[in-house]
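These are the residues of each chain, in order.
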Amino acid sequence: MNPRIIVGVSGASGMLYARRLLDHLAGKAEVHIILTPVAREIARHEQVSFEDSDLIVHSPDNLASPVASGSFLHQGMVIAPCSMKTLSAVAHGFTPNLLTRAADVTLKERRPCILLLRENPLSRIHIENMLRAHDAGALIMTASPPFYHRPDDITGLVDAVVARILDHLNITHSIGGRWSGFP
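This one's a predicted model, so the numbers in the text were calculated from it and none came from an experiment.

## So, the pattern of salt bridges
Consideration 1: Taken as a whole, this structure holds 11 salt bridges when the rule is applied.
Consideration 2: The salt bridge partner of Asp-23 is Arg-19, with a shortest N-O separation of 2.8 Å. Here Asp-23 and its partner Arg-19 are both found in helix H1 (residues 15-25), 4 residues apart, which amounts to about one turn of the helix.
Consideration 3: Note on Asp-23: relative accessible area 33%, which makes it partly exposed.

Listed below in structure tokens is the structure:
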């Protein structure tokens, strides 16, 4: 049986991270996706599509969705990209929409909750929210790709970050290039 993964997409630049994550989860997981309205607008602008037929799409306004409950069993949740607004809501337990409610439930159930932040520079408020979310059980990741695997293009950079997300979800993959020391 394939694992169940929740993917949240919030309103920050970096839709390619979500798209590549979904590509690498295809056929390996049952994927439940929540896209905020701003995420849809940014995706349109960045020319990234989330119209996959195998995704189980949940409206961000539907707080009665199964993913809003701790009884919905899943192996983890990723918010990629995670806006500073969404980080703040998760860090403070503020759940006005399904994306933040699902993250809140994921944390209370002690399941992996990965927040892929896409912001630079960071303010003190951002850093404090990152620490607060971390202390609540979230894994804070930044969209900061390594270069030791010598990527040929943007996809190689994005996949290196996605590989780390997949590692933390315990999803087997062969992307990203692992550090093996100096030759």
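Now that the structure is up, let's keep going.
## Remarks on unusual backbone geometry
Consideration 1: Of note, the amide linkage connecting Ala-80 to Pro-81 takes the cis form, showing an omega dihedral of -10 degrees.
Consideration 2: With respect to the secondary-structure elements, Pro-81 resides in strand E4 (residues 76-82).
Consideration 3: Positive phi outside glycine occurs at Gln-47, with the angle close to 60 degrees.
Consideration 4: Checked against the element boundaries, Gln-47 lands in the loop between helix H2 (37-46) and strand E3 (56-58).
Consideration 5: On the basis of relative accessibility, which here comes to 73%, the residue Gln-47 falls in the exposed class.

## Side note on helix H6 (residues 154-168)
Every α-helix winds through 3.6 residues per turn, so residues three or four apart in the chain are directed the same way.
Consideration 1: Its 15 residues give H6 an end-to-end C-alpha distance of 22 Å, which sits within 8% of 21 Å, the value for a rise of 1.5 Å per residue.
Consideration 2: Residues of H6 that are buried: Gly-156, Leu-157, Val-158, Asp-159, Ala-160, Val-161, Val-162, Ala-163, Ile-165 and Leu-166.
Consideration 3: Elements in contact with the buried residues of H6: H1, E4, strand E5 (113-117) and strand E6 (139-142).
Consideration 4: A distance of 3.3 Å separates the backbone nitrogen of Thr-155 from a side-chain oxygen at the start of H6, and that oxygen is part of Asp-153.
Consideration 5: In the segment just after H6, Asn-170 is the residue with positive phi, at about 60 degrees.

## Here's the deal with the state of the cysteines
Consideration 1: Applying the stated rule across the entire model yields 0 disulfides.
Consideration 2: The cysteine Cys-82 is free of any disulfide, with Cys-113 supplying the nearest cysteine sulfur at 8.3 Å.
Consideration 3: Of the residues examined, Cys-113 reaches a relative accessible area of 1% and is grouped as buried.

Cut-offs and rules
Residue numbering note: each chain is counted from 1, following its sequence as written. For this predicted model, a pLDDT threshold of at least 70 governs which residues receive local features, and a threshold of 80 or more governs which side-chain atom pairs are given and counted, while totals over whole chains, interfaces and linings are taken from all residues. Values shown for side chains rest on all heavy atoms present in the structure; no hydrogens or waters enter the calculation. Within this document, salt bridges are pairs made up of a side-chain nitrogen of Lys or Arg and a carboxyl oxygen of Asp or Glu, the two lying within 4 Å of each other. What counts as a helix is a DSSP run of H or I of at least four residues, what counts as a strand is a run of E of at least two, and both are numbered from the N terminus. Buried, partly exposed and exposed residues are distinguished by accessible area as a fraction of the type maximum, computed with a 1.4 Å probe on protein chains only: under 20%, between the cut-offs, and over 50%, respectively. To estimate how far a helix should reach, multiply one less than its number of residues by 1.5 Å. Residue contacts follow a heavy-atom distance rule, with two residues in contact if any of their heavy atoms lie within 4.5 Å. Each polar contact in these results corresponds to two N or O atoms within 3.5 Å; when the atoms are within protein, one needs to be able to donate a hydrogen and the other to accept it, and residues that are neighboring in sequence are counted only if both atoms are side-chain atoms. The definition used for a disulfide is geometric: two cysteine sulfur atoms within 2.5 Å.

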